[in-house]
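Residue-level structure breakdown
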Amino acid sequence: MNVIVCRARRYNIRRIFRCPTCKTRRRMLWQDEVWYGVTTTCCHCGDSWQDGELYPRPAKRGWRKEAAAKATAEWLAAGVYDRAAHQAWVAQETGEAA
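Residues numbered from 1 in each chain as written. Predicted model: local features only at pLDDT ≥ 70, side-chain atom pairs only at ≥ 80, totals over all residues. Heavy atoms only, no water.

**Topic: the overall build of the protein chain**
Formally: In this text, helices come from DSSP runs of H or I with a minimum length of four residues, and strands from runs of E with a minimum of two, each type numbered from the N-terminal end. Partly exposed describes any residue whose relative accessible area lies between the buried limit of under 20% and the exposed limit of over 50%, with all areas from a 1.4 Å probe on protein chains only and scaled to the type maximum. The contact definition used throughout considers only heavy atoms, calling two residues in contact when any of these lie within 4.5 Å. For the accessible areas, the method is Shrake-Rupley and the probe is 1.4 Å, while residue cover comes only from the protein chains on display. The convention is simple: Lys and Arg are positive, Asp and Glu are negative, and His and the chain ends are not counted. For charged residues, the charge sits on one atom: NZ in Lys, CZ in Arg, CG in Asp, CD in Glu.
Within the protein chain one finds two helices and five strands. Along the chain direction, N to C, the helices and strands of the protein chain fall in the order β-β-β-β-β-α-α. By principal-axis analysis of the C-alpha atoms, the protein chain measures approximately 45 × 45 × 25 Å. Burial analysis of the protein chain (98 residues in total) assigns 30% to the buried set. Relative to all contacts within the protein chain whose residues are 6 or more apart in sequence, the contacts with residues 24 or more apart total 39%. Put simply, the protein chain shows about 7100 Å² of open surface, and 53% of that area lies on carbon and sulfur atoms. For the protein chain, the distance from the average position of its 17 positive side-chain charges to the average position of its 10 negative side-chain charges is 11 Å.

This is the structure we're talking about:
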């Protein structure tokens, strides 16, 4: 049996935002997925949200540190936000003209 797993492509965006878990302003990685909305991950505590709902936390030791490190690496790689590049990406993903 063959299994095909599809996942939407993401556009990473850097933000400084108030983390509901940390209760302070933190570096937040926003991952825009055209058909699924934005997933937000705190680079400090590792918690993630989509559509205002907290993602389930894994039952795994050290998950916070791992999730925060991954979000931080992607936040750094995202670079400075470019609105035109983001709009072009959305247009490409939806098949519309830019």
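**Let's talk about helix α1 (residues 63–78)**
Operational definition: In this analysis, the expected span of each helix is defined as 1.5 Å times one less than the number of residues it contains.
Over its 16 residues, α1 runs 22 Å from end to end, which matches the ideal 22 Å to within 8%, given 1.5 Å per residue. Those residues of α1 not exposed but buried are Trp-63, Ala-68, Ala-71, Thr-72, Glu-74 and Trp-75. Buried residues along α1 sit in contact with β1 (11–19), β2 (24–33) and β3 (37–42). Positive phi shows up at Gly-79, right after α1, with a value of about 70°.

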